[in-house]
Amino acid sequence: MNLKLLASDLSKIYSKNKKVDAVLLGGSVSRNWDDEYSDIELFIFWKEAPLDEDRLSPIKVTNGSIIEFYPYEEEEWSETYITRGVKLEISNFLTSTVKRIINDVIKNFDIELAKQCLVATVQNGHVLFGNNVINELKKKVAHYPNELSKAMIKHYLDMGNQWNNREALLAREDWLMLHQVIVSVHSNVMGVLFGLNRHYVHHPAFKWQRYSLEAMKITPKDSAKRLSSILLEPPKKSVQILEEIIQELYEIVQREYPQMDLSRFINQSAFLRPKNSNI
């Protein structure tokens, strides 16, 4: 099924509601990253708060089957339903909320991932309805602030204290905790790379990693191949790959931001929990 065509058809239903300011197609479909497992993510921007009936009406019109229907939570109304055999993820925001979140990110350099994901959707999403509204928002997010880049790098370069226990966890064969640490540090590496490349994070779990890395110009050598191998290699090899990538990240950050003091991060990452010599 042509997901973009279905999304366009659905947008025409939503746009009939006079409260709707704009309809934006997001997610993998908007980026041409979709596959046979993809669903459709629609972002509905409202002039005023939608009633339940406003949200239910398109589902009824399309004979949709509701999976989830959430009330207003964290500045968003959301619902999931299936129509024509395709799952729809609907995110509803007031247009005024979207504008404020954009300001939080581009003017206050807020690194909160939920906010960045919305900004990334505005930047890369496909307009289905409300060209004037969406294009105005797209102009606001076109430039990635230098200070946001620095804030992302400083936040994600802190790999956490558990990373210092990696040799002990390897020696103890404490695999569950070690893999939790590896995943956490792996995510931090992605956070640094998004900041370095001035890309808004489009998914809180850094989904579609391969495509994201391929779109980046500032990365360690062969980063897509090396990072994708981390969870497939034996634990000792995975730790070694991460150590090498982190060291290369320090060098890249220092090259891009020569005035940034990285000594705390380098010393913290290099520290390893010592063995007890009395044992």
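Residues numbered from 1 in each chain as written. Predicted model: local features only at pLDDT ≥ 70, side-chain atom pairs only at ≥ 80, totals over all residues. Heavy atoms only, no water.

## Remarks on the pattern of salt bridges
Right, so step 1: Tallying each qualifying case throughout the model produces 17 salt bridges.
Right, so step 2: One salt bridge in this structure joins Asp110 and Lys115, with 2.8 Å as the shortest N-O distance.
Right, so step 3: For Asp110, a relative accessible area of 22% translates into the label partly exposed.
Right, so step 4: Across the pair Glu147 and Lys150 runs a salt bridge, and its minimum N-O distance is 3.6 Å. Here Glu147 and its partner Lys150 are both found in helix α7 (residues 146-156), 3 residues apart, which amounts to about one turn of the helix.
Right, so step 5: Note on Lys150: relative accessible area 24%, which makes it partly exposed.
Right, so step 6: Within the structure, one salt-bridge network assembled from shared partners comprises Glu75, Arg100, Asp104, Asp110 and Lys115. (Salt bridge = Lys/Arg side-chain N within 4 Å of Asp/Glu carboxyl O. Buried < 20%, exposed > 50% of the residue type's maximum accessible area, 1.4 Å probe, protein only. Helix = DSSP H or I, 4+ residues; strand = E, 2+ residues; numbered from the N terminus.)

## Description of the nonpolar core
Right, so step 1: Within the largest apolar cluster, 61 residues are counted, with the highest numbers of intra-cluster contacts made by Phe45, Val189, Leu193 and Tyr200.
Right, so step 2: Examining the composition of this core, we find that 10 residues originate from one element, helix α9 (residues 175-196), more than from any other.
Right, so step 3: Excluding anything up to four places from it in sequence, Leu193 contacts Leu213, Met216, Ile218, Thr219, Pro220, Leu227 and Leu249.
Right, so step 4: Ranked by size, the runner-up nonpolar core spans 21 residues in total, among them Trp77, Leu88, Ile90 and Leu94. (Core = buried A, V, L, I, M, F, W, Y, C linked by side-chain atoms within 4.5 Å. Contact = heavy atoms within 4.5 Å.)

## Some words on helix α4 (residues 95-106)
Right, so step 1: Taking 1.5 Å per residue, 12 residues should reach 16 Å; α4 reaches 17 Å between its end C-alpha atoms and fits that length.
Right, so step 2: Buried residues of α4: Thr95, Thr97, Val98, Ile101, Ile102, Asp104, Val105 and Ile106, and no others.
Right, so step 3: In this fold, the buried residues of α4 make contact with β1 (20-26), β2 (40-46), β5 (86-94), α5 (113-124), α6 (131-141) and α7. (Expected span 1.5 Å × (residues − 1).)

## Observations regarding the packing of α4 against α6
Right, so step 1: One can describe the packing of α4 onto α6 by two numbers: an axis separation of 10 Å at closest approach and a directional angle of 10 degrees. As the angle between them shows, α4 and α6 are arranged roughly parallel. Contacts between α4 and α6 involve Thr95, Val98, Lys99, Ile102 and Ile106 from the former and Val133, Glu136, Leu137, Lys140 and Val141 from the latter.
Right, so step 2: Partitioned by chemical class, the residues of the contact of α4 with α6 number 6 nonpolar, 1 polar and 3 charged. (Axes fitted to C-alpha atoms, helices over the stretch in contact; angles between N-to-C directions. Parallel < 35°, antiparallel > 145°, perpendicular 65-115°, else oblique. Nonpolar A, V, L, I, M, F, W, Y, C, P; charged D, E, K, R; others polar.)

## Topic: the packing of α5 against α6
Right, so step 1: Two elements in contact, α5 and α6, have axes whose closest approach is 8 Å; the angle formed by their N-to-C orientations is 115 degrees. Between α5 and α6 the crossing geometry is left-handed. Facing Val119, Val122, Gln123 and Asn124 of α5, the residues of α6 in contact are Leu137, Lys138 and Val141.
Right, so step 2: The residue makeup of the contact of α5 with α6, split by class, is 4 nonpolar, 2 polar and 1 charged. (Left-handed = near helix turned anticlockwise from the far one by under 90°.)

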